[in-house]
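Residue-level listing of the chains:
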Amino acid sequence: MSLLLLALLLFLLFGGSRIGAAGKGLGQAARHVKRALDEEEAPSAVPKAPPPAMNQSSESKEPKLLPAKGESSASTGDES
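About the criteria used
- Residues numbered from 1 in each chain as written.
- Predicted model: local features only at pLDDT ≥ 70, side-chain atom pairs only at ≥ 80, totals over all residues.
- Heavy atoms only, no water.
- Helix = DSSP H or I, 4+ residues; strand = E, 2+ residues; numbered from the N terminus.
- Buried < 20%, exposed > 50% of the residue type's maximum accessible area, 1.4 Å probe, protein only.
- Areas by Shrake-Rupley, 256 points an atom, 1.4 Å probe, with all protein chains shown as cover.
- Patch = residues over 30% accessible without salt bridge, like charges linked within 9 Å, V, L, I, M, F, W, Y side chains within 5 Å.
- Salt bridge = Lys/Arg side-chain N within 4 Å of Asp/Glu carboxyl O.
- Lys, Arg positive; Asp, Glu negative; His and termini not counted.
- Charge placed at Lys NZ, Arg CZ, Asp CG, Glu CD.
- Expected span 1.5 Å × (residues − 1).

Asks: Help me understand the overall build of the protein in this model?
Replies: Along the protein, the regular secondary structure elements total 2 helices and 0 strands. Each of the 80 residues in the protein was classed as buried or not, and the buried ones make up 0%. Carbon and sulfur atoms make up 62% of the accessible area of the protein, which totals about 8,100 Å².

Now the structure itself:
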């Protein structure tokens, strides 16, 4: 009963349009907060993969260079 009286009093003081606008604003604010909380939780839920291991051959510790633009892979100077 007291909630009904309170609602009637608010309607008389502020009018229907202001109460509707206030309700709309509260709903939008609640949605923004919910989205922000969901965005914070989403990245932590996905486990991070470890960085890929670098596979180096035991033959050479020097990095292999890629051929320059226009050169073929046969002319890199790897003559054994």
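Asks: What should I look at first to understand a nonpolar patch on the surface in this one?
Replies: On the surface, a cluster of nonpolar side chains totalling about 1,000 Å² of accessible area is made up of L3, L6, L8, L9, L10, F11, L12, L13, F14 and I19. Looking at the nonpolar patch element by element, the count peaks at 9 residues for helix 1 (residues 2-14). Counting through the fold element by element, L13 comes out in helix 1. You can call L13 exposed: its relative accessible area is 60%.

Asks: Even after reading the chapter, I still don't get a negative patch on the surface, so can you show me in this structure?
Replies: Taken together, D38, E39, E40 and E41 make up a surface patch of like negative charges. Note on placement: E39 falls in helix 2 (residues 16-45). Residue classification places E39 among the exposed residues on the basis of a relative accessible area of 58%.

Asks: Please explain helix 1 as it appears in this structure.
Replies: Since the α-helix packs 3.6 residues into each turn, any two residues three or four apart lie on the same face. Here helix 1 spans 18 Å end to end across 13 residues, near enough to the 18 Å set by a 1.5 Å rise per residue. Count one or two residues on from helix 1 and you reach G15, which has phi positive near 85°.

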